[in-house]
Amino acid sequence: MNTTNHFPLRHAEKIAFVTGGSRGIGAAIVRRLASEGATVAFTYQRSADEAQSLVQEIAAAGGKALALQADAADANALTGAIGKVAAQFGRLDILVNNAGVLLMGAIDDFSLADFDQTVAVNVRAVFVAIKAAVPHMSEGGRIINIGSTNAHRMPFAGAAAYAMSKSALSGLTQGLSRDLGPRGITINNVEPGPVATDMNPPTGDFAAVMHGLMALPRHGSGEEVAGMVAYLASSEAAFVTGAGLKIDGGFAA
Ligand code: NDP
């Protein structure tokens, strides 16, 4: 029996750029877009080994990915990485702003340095990446930010700066949809609830408390978030822009 897949892959020929693709949700997004035919460039900060393994895993499965070291807090490094990929492939079709940090501490203890790092990675880098990517995008371009359901519900102390940073992405996404709409480029904000990654382990006392707040009492998976991203990156989502899409097991319901 001929088992060759004759259906076109949804993201065939697309060039995607994902920030923070070495681990967690970002790695799931890289895998998903590559499995649907995209050539996926992704950044990492420290996890060089994980990044190279992911590139090799995707190549072994017949896909195309490349890893670039670029600290999201370093505007020159991030802009340079995006410019390099755009020059290599001639354009960009999909930008996923996934890199993020969760630095916690109550107001008395939370340092200004941690506040600045939160804003630099979770907000400023998103603006920097979009500014760098948009000149290389044409009609049909897709920008997807990874926000958080914590923009809508922050039921714990010690994460105010994180919640603020993710709320900022809501405003940025809505505002930029107006800038980019006339160019046929969409921008959306995916807002996950608890997802099992290094940032948010699915077991332990804290996980149990979170599950108690949810309609579906479990952590989500990176693959579930990646499915929503892949949809938003597709032509099927051409009429979706400026939107915040929760994928949070009812955390904010
Ligand atoms: P992880 O901590 O598991 O992974 C973070 C990823 O971002 C890594 O690839 C890391 O690279 C990269 N990264 C972090 N800082 C930088 C930086 N300065 N420059 C470049 N890359 C960087 O996080 P998650 O996968 O859980 O989170 C991904 C996104 O999803 C974040 O924006 C987060 O806020 C958001 N989110 C996560 C939720 C969760 O429950 N997990 C819920 C809601 C939103 P490296 O490996 O090199 O360190």
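Residues numbered from 1 in each chain as written. Predicted model: local features only at pLDDT ≥ 70, side-chain atom pairs only at ≥ 80, totals over all residues. Heavy atoms only, no water.

Chemist: Honestly, helix H7 (residues 222-232) in this entry has me stumped. Any pointers?
Modeler: Of all 11 residues that make up H7, 8 are buried, and the element is covered over most of its length. Of the positions making up H7, those classed as buried are Gly-222, Val-225, Ala-226, Gly-227, Met-228, Val-229, Ala-230 and Leu-232. Structurally, H7 contributes buried residues whose contacts are with helix H1 (24-35), strand E4 (94-97), strand E5 (142-146), strand E6 (186-192) and strand E7 (244-247). (Buried < 20%, exposed > 50% of the residue type's maximum accessible area, 1.4 Å probe, protein only. Helix = DSSP H or I, 4+ residues; strand = E, 2+ residues; numbered from the N terminus. Contact = heavy atoms within 4.5 Å.)

Chemist: Help me understand the packing of helix H3 (residues 75-89) against helix H4 (residues 112-133), please; the structure alone is not making it clear to me.
Modeler: Working note: a packed helix pair is described by the angle between its axes plus the distance between those axes. With their axes 9 Å apart at the nearest point, H3 and H4 run at an angle of 35° to one another. Once H3 is placed against H4, the crossing between them reads as right-handed. Together, Ala-75, Leu-78, Thr-79 and Ile-82 of H3 and Arg-124, Ala-125, Val-128, Ala-129, Ala-132 and Ala-133 of H4 make up the contact between the two elements. Among the residues making up the contact of H3 with H4, the classes are represented as 8 nonpolar, 1 polar and 1 charged. (Axes fitted to C-alpha atoms, helices over the stretch in contact; angles between N-to-C directions. Left-handed = near helix turned anticlockwise from the far one by under 90°. Nonpolar A, V, L, I, M, F, W, Y, C, P; charged D, E, K, R; others polar.)

Chemist: How should the sheet that holds E7 be read in this particular structure?
Modeler: Strand pairing within a sheet occurs via backbone hydrogen bonds; the two strands may be parallel or antiparallel. Strand order in the open sheet made by the 7 strands is E3-E2-E1-E4-E5-E6-E7, with parallel pairing throughout. Each end of this open sheet is capped by a strand with a single partner; those strands are strand E3 (64-69) and E7. If you compare each strand with its neighbour and ignore which way they point, the axes differ by 20° on average. Lying over the sheet, helix H2 (residues 48-60) contacts strand E2 (39-44) and E3, oriented at roughly 165° with respect to E3. Across the sheet, helix H5 (residues 160-180) lies against E5 and E6, angled at about 160° from E6, the strand it touches most. (Pairing = 2+ DSSP bridges.)

Chemist: Is there a simple way to think about the side chain of Ser-234 in this case?
Modeler: Among the secondary structure elements, Ser-234 is positioned in the loop between H7 and E7. Within the structure, the side chain of Ser-234 is placed 2.6 Å from the backbone oxygen of Tyr-231, a separation counted as a polar contact. (Polar contact = N/O pair within 3.5 Å; in protein donor to acceptor, adjacent residues only side chain to side chain.)

Chemist: Just to check I follow, could you spell out the pattern of salt bridges for this structure?
Modeler: If the charged atoms of two oppositely charged side chains come close together, the side chains can form a pair. Tallied over the entire structure, the rule returns 7 salt bridges. The residue Glu-36 makes a salt bridge to Arg-32 at a minimum N-O spacing of 2.7 Å. For Glu-36, a relative accessible area of 11% gives the class buried. The salt bridge involving Glu-224 is made with Arg-218; its shortest N-O contact spans 2.8 Å. Exposure remark for Glu-224: the relative accessible area of 35% places this residue in the partly exposed category. What emerges from the salt-bridge pattern is a single network uniting Arg-10, Arg-32, Glu-36 and Glu-236. (Salt bridge = Lys/Arg side-chain N within 4 Å of Asp/Glu carboxyl O.)

Chemist: Could you clarify how one ought to interpret the nonpolar core in this entry?
Modeler: The tendency in soluble globular proteins is for nonpolar side chains to be buried as a group. The biggest cluster of nonpolar side chains holds 34 residues, and the ones touching the most others in it are Ile-29, Leu-33, Val-96 and Ile-144. Breaking this core down by element, the ones donating at least two residues are strand E1 (15-18), H1, E2, H2, E4, E5 and H7. Top contributing element to this core by residue count: H1, with 7 residues. Once you skip the residues sitting within four places of it in the chain, Val-96 turns out to touch Phe-17, Val-18, Thr-19, Ile-29, Leu-33, Ile-144, Ile-146 and Val-229. Residues Phe-17, Ala-99, Val-126 and Leu-169 belong to the second largest nonpolar core, which totals 32 residues. (Core = buried A, V, L, I, M, F, W, Y, C linked by side-chain atoms within 4.5 Å.)

Chemist: What is the right way to look at the packing of aromatic side chains in this model?
Modeler: Each aromatic ring pair is described using two quantities: the centre-to-centre distance and the angle formed by the ring planes. Enumeration over the complete set of coordinates arrives at 1 aromatic pair. Looking at Arg-153, its charged tip hangs above the ring of Phe-251, at a distance of 5.9 Å from the centre. (Phe/Tyr/Trp six-rings, centres within 6.5 Å; stacked < 30°, edge-to-face > 60°. Lys NZ or Arg CZ within 6 Å of the ring centre and 35° of its normal.)

Chemist: What exactly am I supposed to notice about the site of the ligand here?
Modeler: Close contacts around the ligand come from 31 residues, with Arg-23, Arg-46, Ser-47, Tyr-162 and Thr-197 the closest. Ser-22 is positioned with one of its side-chain polar atoms (N or O) 2.7 Å from an oxygen atom of the ligand. Alone, the ligand offers 890 Å² of accessible surface; in the complex the protein occludes 95% of this. The set of elements that each furnish at least two residues to the shell around the ligand consists of H1 and H5. (Near = heavy atom within 4 Å. Areas by Shrake-Rupley, 256 points an atom, 1.4 Å probe, with all protein chains shown as cover.)

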